[in-house]
Amino acid sequence: MKSRDTLVRLKRFHVEEKRRRVLQIETMIGEFARMAGDLDREIAVEEQRAGIVDMGHFAYPTYARAARARRDNLLRSADELKGQLDEARFHLEEATADLAKEQSLEVREKISDRLSDLTAPDLTLGGLRAVQA
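Summary of the structure given here. (Residues numbered from 1 in each chain as written. Predicted model: local features only at pLDDT ≥ 70, side-chain atom pairs only at ≥ 80, totals over all residues. Heavy atoms only, no water.)

Let us look at the overall build of the protein chain. Counting its regular elements, the protein chain contains two helices and zero strands. The contacts in the protein chain between residues at least 6 apart in sequence include a share of 71% that link residues at least 24 apart. A total of about 9800 Å² of accessible surface is found on the protein chain, and carbon and sulfur atoms cover 57% of it. (Helix = DSSP H or I, 4+ residues; strand = E, 2+ residues; numbered from the N terminus. Contact = heavy atoms within 4.5 Å. Areas by Shrake-Rupley, 256 points an atom, 1.4 Å probe, with all protein chains shown as cover.)

This is the structure we're talking about:
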């Protein structure tokens, strides 16, 4: 019984760990999207200030070019994280299923123990069961 309790606690820990990982990846994706949006605004302001929107133009602002590269890297990283997010969600579902299985086995074991306690002979009267008239 103790080992089953320990196993259930371990499975709960794994589920929480997987859940934290999913949340962490979702947070990072959101943060990258926010940062990319900020860079888009900065690029637009810089292009408007310079009056040049063509990246091929020789006088295109250096800051806007660097901000575009940074934004593209952030978006690429967010796309890669989406793949990791799918994988992390899959692992979370697996861990949740394992936990549910262990919990049902634990409940079944407890019920079985209680039933066996109820059907065991009453040894309090010297091995004889009290008979009520």
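Next comes the rest of the account.
On to the environment of Glu-93. Within the secondary structure, Glu-93 sits in helix α2 (residues 62–119). For the pair Glu-93 and Lys-18, spaced 75 residues apart in the sequence, the C-alpha separation amounts to 8.9 Å.

What follows deals with the side chain of Glu-47. Its location among the elements puts Glu-47 in helix α1 (residues 2–50). Residue Glu-47 is classed as buried on the basis of its relative accessible area, which comes to 10%. Residues within four places of Glu-47 in sequence aside, it is in contact with Ile-52, Val-53, Tyr-60 and Arg-68. (Buried < 20%, exposed > 50% of the residue type's maximum accessible area, 1.4 Å probe, protein only.)

Summed over the entire model, instances satisfying the criterion amount to 10 salt bridges. When the shortest N-O distance is used, the salt bridge between Asp-40 and Arg-71 registers 2.6 Å. Linking Asp-40 in helix α1 with Arg-71 in helix α2, this pair joins segments that are 31 residues apart in sequence. The exposure class assigned to Arg-71 is buried, which follows from its relative accessible area of 14%. (Salt bridge = Lys/Arg side-chain N within 4 Å of Asp/Glu carboxyl O.)

What follows concerns the side chain of Glu-102. For Glu-102, the position within the fold is in helix α2. For Glu-102, a relative accessible area of 9% corresponds to the buried category. Ignoring anything within four residues of it in the chain, the contact list for Glu-102 reads Arg-4, Leu-7, Val-8 and Lys-11.

Mapped onto the elements of the fold, Thr-96 is located in helix α2. Between the alpha carbons of Thr-96 and Val-15 there is a distance of 5.9 Å; along the sequence they are 81 residues apart. Looking at Thr-96, its side chain comes within polar contact range of the main-chain oxygen of Leu-92, at 2.8 Å. (Polar contact = N/O pair within 3.5 Å; in protein donor to acceptor, adjacent residues only side chain to side chain.)

On to a nonpolar patch on the surface. On the surface, a nonpolar cluster with roughly 400 Å² of combined accessible area is contributed by Val-107, Ile-111, Leu-115 and Leu-118. Its place among the elements puts Leu-115 in helix α2. (Patch = residues over 30% accessible without salt bridge, like charges linked within 9 Å, V, L, I, M, F, W, Y side chains within 5 Å.)

Honestly, that's just the spatial picture; any functional story needs more than this.
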